[in-house]
Amino acid sequence: MTPPLLTWSPWTRLCLLAGMVPVTFLLFDPPLSLLPLIVVVPLGTTSGAAVTWVGRTLALLIPFGALLALMYLVAMPVSGEVLWAYGPVEVGRDNAFLALSIFSRVGVMLGSLCLFAVSTPASELLTDLRRRGASPFLVYVLATTVNLVPLLKHRASCVLDAQRARGLDFDGGPMARARHLVPLVGPLLLGALADVEKRAMALELRGGLKRRRAEDVYEPPGEALLRLASAALVVGALGYRVWMLFG
């Protein structure tokens, strides 16, 4: 059986999951900031890639949590009632609540975006946006951004092999390697810029950057309602935030 998340179009997945990010930041403090998990967790556990999703989320969230604890629980002056003390280290109630608030919002954000990343290949999203009549320039910029890291990695390998073939030795200590960065970084950046320019010129000559009419895209029943519900959640969270500030 196909997971529900994978039956939706990439555009609907993007609207639904990315919409959880402003919702959690507008709701601000836990437990309200954790409400988007009611949507994200069931979709993630039934996505067919739950292990990958959890692994990527934790790989980003654990270092952030450690840095957050160091900043707010150790480095900042104690604020409020002391909840825990060990030697010179004291954790105040206000410090802990602020750290928990930031951690919860960032956790929901990373969980939502990582779920979208593991469930939706970039090529599917770009194709869907192109069929829906999105700006060709926007699609091209997104495609270039997505492919930037693999492109630079491949080009760096080629430049490294070429420089070694010319007799440049990259072994040795840190100072010796630092001296050889210029012969490596220079061709890498110049080659990447030239490659991007060539792709843009090729697309323009072939008419790839001309705006086309949107195609008729088949959508399973209810997808428009999902996108509308996501927008309604964002508007509702914004209204709640305004009410809390000025009400």
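Below or above, wherever it landed, is the structure these notes cover. (Residues numbered from 1 in each chain as written. Predicted model: local features only at pLDDT ≥ 70, side-chain atom pairs only at ≥ 80, totals over all residues. Heavy atoms only, no water.)

What to know about the nonpolar core
Part 1 of the argument: With 17 residues, the main nonpolar core has Leu5, Leu17, Leu43 and Leu115 as its most contacted residues.
Part 2 of the argument: Setting aside its immediate chain neighbours within four residues, Leu5 contacts Arg13, Leu17, Leu43, Ser47, Leu115 and Ser119. (Core = buried A, V, L, I, M, F, W, Y, C linked by side-chain atoms within 4.5 Å. Buried < 20%, exposed > 50% of the residue type's maximum accessible area, 1.4 Å probe, protein only. Contact = heavy atoms within 4.5 Å.)

So, the side chain of Ser9
Part 1 of the argument: Structurally, Ser9 can be placed in the loop between α1 (4-7) and α2 (10-27).
Part 2 of the argument: Looking at Ser9, the relative accessible area reads 10%, which means it is buried.
Part 3 of the argument: Side-chain polar atoms of Ser9 contact the side chain of Arg132, separated by 3.1 Å.
Part 4 of the argument: Residues within four places of Ser9 in sequence aside, it is in contact with Asp128, Arg132, Glu219, Glu223 and Arg227. (Helix = DSSP H or I, 4+ residues; strand = E, 2+ residues; numbered from the N terminus. Polar contact = N/O pair within 3.5 Å; in protein donor to acceptor, adjacent residues only side chain to side chain.)

A word on the packing of α2 against helix α3 (residues 37-45)
Part 1 of the argument: Look at α2 against α3: their axes get within 10 Å of each other, and the N-to-C directions meet at 140 degrees. Regarding the angle of α2 to α3, the classification is oblique. For α2 against α3, the interelement crossing comes out left-handed. Where α2 approaches α3, its residues Leu16, Leu17 and Met20 are matched on the opposing element by Val39, Val40 and Leu43. (Axes fitted to C-alpha atoms, helices over the stretch in contact; angles between N-to-C directions. Parallel < 35°, antiparallel > 145°, perpendicular 65-115°, else oblique. Left-handed = near helix turned anticlockwise from the far one by under 90°.)

Here's the deal with helix α11 (residues 223-246)
Part 1 of the argument: With 24 residues, α11 should reach 34 Å at 1.5 Å per residue; the first-to-last C-alpha distance of 35 Å fits that figure.
Part 2 of the argument: For α11, every residue scored as buried is listed here: Glu223, Arg227, Ser230 and Ala237.
Part 3 of the argument: Next to the buried residues of α11 lie α1 and α2. (Expected span 1.5 Å × (residues − 1).)

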